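So the chains spell out like this:
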Amino acid sequence: MSEPAFSDRLDALLDWFGRLSPQTLPLIDHFYAEQVQFQDPFNRVNGRSDLRRLFQHMFDSSESARFVIADRLLDGRQAFVTWDFHCRIRGRDYHIHGGSHLRFDAAGMVVWHRDYWDAAEELLQKLPLIGVPVRWLRRLFRVPGLSEGPPQESRF
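Residues numbered from 1 in each chain as written. Predicted model: local features only at pLDDT ≥ 70, side-chain atom pairs only at ≥ 80, totals over all residues. Heavy atoms only, no water.

(A) Inspection of the pairing of strand β3 (residues 63–75) at higher detail. In this structure, β3 lies alongside strand β4 (residues 78–89), joined through 10 bridges in antiparallel fashion. From the neighbouring strand, Glu 63 faces β4, where its bridge partner is Arg 88. Linking β3 to β4, which pair antiparallel, is a turn of two residues; within it Gly 76 sits at a positive phi near 65°. (Pairing = 2+ DSSP bridges. Helix = DSSP H or I, 4+ residues; strand = E, 2+ residues; numbered from the N terminus.)

(B) A look at the sheet that holds β4. Judged by pairing direction, the sheet is mixed, and its six strands sit side by side in the order β2-β1-β6-β5-β4-β3 without closing on themselves. With one partner strand each, in any of the chains shown, β2 (44–46) and β3 form the two edges of the open sheet. Sheet twist, expressed as the mean angle between neighbouring strand axes with direction ignored, is 20°. Across 12 bridges, β4 lies against strand β5 (residues 92–104) in antiparallel orientation. Each bridged residue has a counterpart across the sheet, and for Phe 85 the counterpart in β5 is Ile 96. (Axes fitted to C-alpha atoms, helices over the stretch in contact; angles between N-to-C directions.)

(C) Local environment of the pairing of β5. In this structure, the hairpin formed by β4 and β5 is closed by a connection of two residues, where Arg 90 is found at a positive phi of approximately 50°. In terms of strand pairing, β5 meets strand β6 (residues 110–116) through six bridges, oriented antiparallel. Among the inter-strand pairings, His 101 is bridged to a residue of β6, identified as Arg 114. Taken together, β5 and the strand that follows it, β6, pair antiparallel across an intervening segment of five residues, in which Gly 108 is found at a positive phi of about 85°.

(D) Expanded view of helix α2 (residues 48–61). Taking 1.5 Å as the rise per residue, α2 with 14 residues should run 20 Å; its terminal C-alpha atoms sit 20 Å apart, in good agreement. Within α2, the full set of buried residues consists of Arg 48, Leu 51, Leu 54, Phe 55, Met 58 and Phe 59. Down the axis of α2, the buried side of the element spans an arc of 140°, and every buried residue falls inside it. Facing away from the buried side of α2 by over 90 degrees, the exposed positions are Arg 53, His 57 and Asp 60. (Expected span 1.5 Å × (residues − 1). Buried < 20%, exposed > 50% of the residue type's maximum accessible area, 1.4 Å probe, protein only. Arc of directions from axis to C-beta.)

(E) Expanded view of the pattern of salt bridges. One pass over the structure, following the stated rule, counts seven salt bridges. In this structure, Asp 29 and Arg 48 form a salt bridge, with 3.2 Å as the shortest nitrogen-oxygen distance. One end of the pair, Asp 29, is in the loop between α1 (3–18) and β1 (32–39); the other, Arg 48, is in helix α2, with 19 residues separating them in the sequence. On the basis of relative accessible area, Asp 29 is assigned to the partly exposed category, the value being 36%. Residue Arg 48 is classed as buried on the basis of its relative accessible area of 14%. Among the salt bridges present, the one from Asp 50 reaches Arg 53, with a minimum N-O distance of 3.3 Å. Here Arg 53 and Asp 50 lie together in helix α2, a separation of three residues that amounts to about one turn. For Arg 53, a relative accessible area of 61% corresponds to the exposed category. (Salt bridge = Lys/Arg side-chain N within 4 Å of Asp/Glu carboxyl O.)

(F) Summary view of a nonpolar patch on the surface. A cluster of nonpolar residues, Leu 73, Phe 80 and Tyr 116, forms a patch on the protein surface that exposes about 300 Å² of accessible area. With respect to the helices, strands and loops of the structure, Tyr 116 is situated in strand β6. (Patch = residues over 30% accessible without salt bridge, like charges linked within 9 Å, V, L, I, M, F, W, Y side chains within 5 Å. Areas by Shrake-Rupley, 256 points an atom, 1.4 Å probe, with all protein chains shown as cover.)

(G) Structural context of the environment of Leu 25. With respect to the helices and strands, Leu 25 occurs in the loop between α1 and β1. Overall, Leu 25 belongs to the buried group, its relative accessible area being 3%. Residues Leu 25 and Phe 55, 30 residues apart in the sequence, show an inter-C-alpha distance of 7.7 Å. Ignoring sequence-local partners within four residues, the contact set of Leu 25 consists of Trp 16, Leu 20, Arg 52, Phe 55 and Gln 56. (Contact = heavy atoms within 4.5 Å.)

Structure follows, in structure tokens:
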């Protein structure tokens, strides 16, 4: 498969993620290989059926779950994508910024999907009981005198 074809496959996958819902979840078969490997800060999954269960769990345990794709880089048969995930859990809105490393097989199916995001910053420190010790640890390990604001994004 040529690089433009991988670009088309990536475009279709990211469009699907932008519309991902319980109704569009069955289309996972069009994008992920049967033996896909997936990993994020909380899960390690082998196989498309378990990946489908993971996404279904996301919808079952949250409201208004959606991905907003920000940037993408494609290099041969692998890609890196940045995204923002928005959802509501128990009446509280959450926003997680992260990225995904994807690898495709020769047919353009995803065989490797690893999500990278800072669970402490993006989620744990925002939780009522867990957040207090996580915020304390972050303050403990922060270097005094360095700027504490978010990094400024640079566009080339």
